[in-house]
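This is what each chain is made of:
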Amino acid sequence: MRIWDWFRPGIRIKRWLALGIVGVACISLGLSFMLREIYLSFIERVLSMFLMISGIVFIVLSIKYVVKTIFNALTGSGFKISLDADRLSNLLFEKRILIKGPKIVTIGGGTGLSTMLRGLKKYSSNITAIVTVADDGGGSGVLRQDLGMLPPGDIRNCILALADTEPIMQQLLQYRFSDGLLKGQSFGNLFLAAMDGISTSFEEAVRKMSDVLAVTGKVLPVTLDDVRLCCELEDGHIICGESKIGHHNEVHPGKIKRVFLEPEGAKPLQEVLDAIEEADIIVLGPGSLYTSVIPNLLVQGVAEAVKKSKGIKVYAANVMTQPGETEGYSVFDHVSAIERHSYKGIIDYCVVNTADIPEDLRKRYLEDGADTVKVDYDLLYKEGINIIGGEFVSIKNDLVRHDPQKLAEAVIELVAEIVLAKDKKRTIDYYYVKERLAAKVKK
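This structure is a prediction, so every number in the text was calculated from the model and none was measured. (Residues numbered from 1 in each chain as written. Predicted model: local features only at pLDDT ≥ 70, side-chain atom pairs only at ≥ 80, totals over all residues. Heavy atoms only, no water.)

**Examining the packing of helix α12 (residues 289–297) against helix α14 (residues 331–340)**
As a reminder, the rule being used: Axes here refer to lines fitted to C-alpha atoms; in helices the fit is confined to the stretch in contact. Angles between the N-to-C directions go from 0 to 180 degrees. What counts as a helix is a DSSP run of H or I of at least four residues, what counts as a strand is a run of E of at least two, and both are numbered from the N terminus. Two helices that cross are described as forming a left-handed crossing if the nearer one is turned anticlockwise from the farther one by less than a right angle, and a right-handed crossing if clockwise. A contact between two residues is defined here by any heavy atoms of the two lying within 4.5 Å. Each residue gets one label: Ala, Val, Leu, Ile, Met, Phe, Trp, Tyr, Cys and Pro are nonpolar, Asp, Glu, Lys and Arg are charged, and the others, such as Gly, are polar.
Contact geometry for α12 and α14: axes closest at 10 Å, N-to-C directions at 35 degrees. Crossing handedness for the pair α12 and α14: right-handed. Residues L289, Y290, I294 and L297 of α12 form the contact with α14, whose participating residues are H334, A337, I338 and R340. Each residue belonging to the contact of α12 with α14 can be placed in one class, and the counts come to six nonpolar, one polar and one charged.

Take a look at the structure:
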């Protein structure tokens, strides 16, 4: 561009750049008054302060209107941008705050974890989802067997939950083939399998897919070791395979005594341990107790890291029991199972549902062997576990699920009041989070 082109009428950016230059000049002139002499007269002090304040105002206006002018030029030229000019500055500020938001670590797998992540990403970008890799059923099991890769299903769901993608991309990645050799496979699983093929490790493949989909936070497999989940029933019978555990009553009925990994000694990613150590809050669940939540704690060093972490430890209790895993379980039973596989007192808070389930829907669940998870307040309080109750139920397609927004609000409110409010260095984070929570309530 030739220098005189700047003086031609165009997108009206030069006037705001000039205003910024004037602002810099005013600040410089104001400082020169102060640096020239030690003792200034009252008029000189007022003049120097006026120049510096004016300069700051001019620079702020310059930056604001340069951004706004460029934005208007782009949108006026046929670019389809979904943000309006007045929101652009707020968005940039918001993204900066979100990056410095609460450090949240979630541990689990299945649909429960991904459901909660959709709500949490509205309040922080400092989210690390630690996901089990014990799945061996469905499309994930086929890819695991055929390609020798770790199961992609739960990780794919978490990536999509945290992704900033258009609805059509979400539909594409969740699309499941119904015919041919690919029957039962989802496109997202195949996408991650292809990414694994061009990467040096599964961890790198997950990171690349996260980058492509503009993921808020991180999704990490708890281990890169090829492990198999097994369970021992109370009568001593052993069942191996994550997909078989939930259906073991069809073959060998009985209550689960414990679950374990084969081979033993699976090592976690260092990033997993680092995230747990630095977390403000660690959320276990929601999800299948024995096949989604506890398997992560069986990886060497993970349960110990959770215990030692200074972050708040929270268990998001399931709304309904699960046939083959937790028939007749109360919230206290869930907590006890987690402690048996890790450490006593590892949980500080329990988030529990107190809303009623429609009677006709509950009857349908009862026919399948499931019921609402009862909250035994006395036993939980006796163990020093605080209870956060609320109406966390969302019913879609006659299925009882957690409401992602309400569950996220409970988690964020807790970390705001217990962690952010007590740290003077994070006052801005605290008030920003509280403002977001208030805005959601008004809606």
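Back to the write-up after that little detour.
**Digging into unusual backbone geometry**
To keep it simple, the criterion reads: Burial classes follow relative accessibility: with a 1.4 Å probe on protein chains only, a residue under 20% of its type's maximum area counts as buried, one over 50% as exposed, and anything between as partly exposed.
Cis geometry marks the peptide bond from E262 to P263; its omega dihedral reads -5 degrees. Here P263 is to be found in the loop between β6 (256–262) and α11 (270–278). The peptide bond linking G285 to P286 adopts the cis configuration, its omega dihedral lying at -5 degrees. For P286, the position within the fold is in the loop between β7 (281–284) and α12. In this structure, A214 is a non-glycine residue whose phi angle is positive, near 50 degrees. Mapped onto the elements of the fold, A214 is located in the loop between α9 (202–212) and β3 (218–221). Owing to a relative accessible area of 41%, A214 belongs among the partly exposed residues under this scheme.

**Focus: the side chain of N157**
Mapped onto the elements, N157 comes out in helix α6 (residues 153–162). When its relative accessible area of 13% is taken as the criterion, N157 is described as buried. Those residues in contact with N157 that sit more than four places away from it in its chain are S114 and Q174.

The values reported here are purely geometric and, on their own, carry no functional implication.
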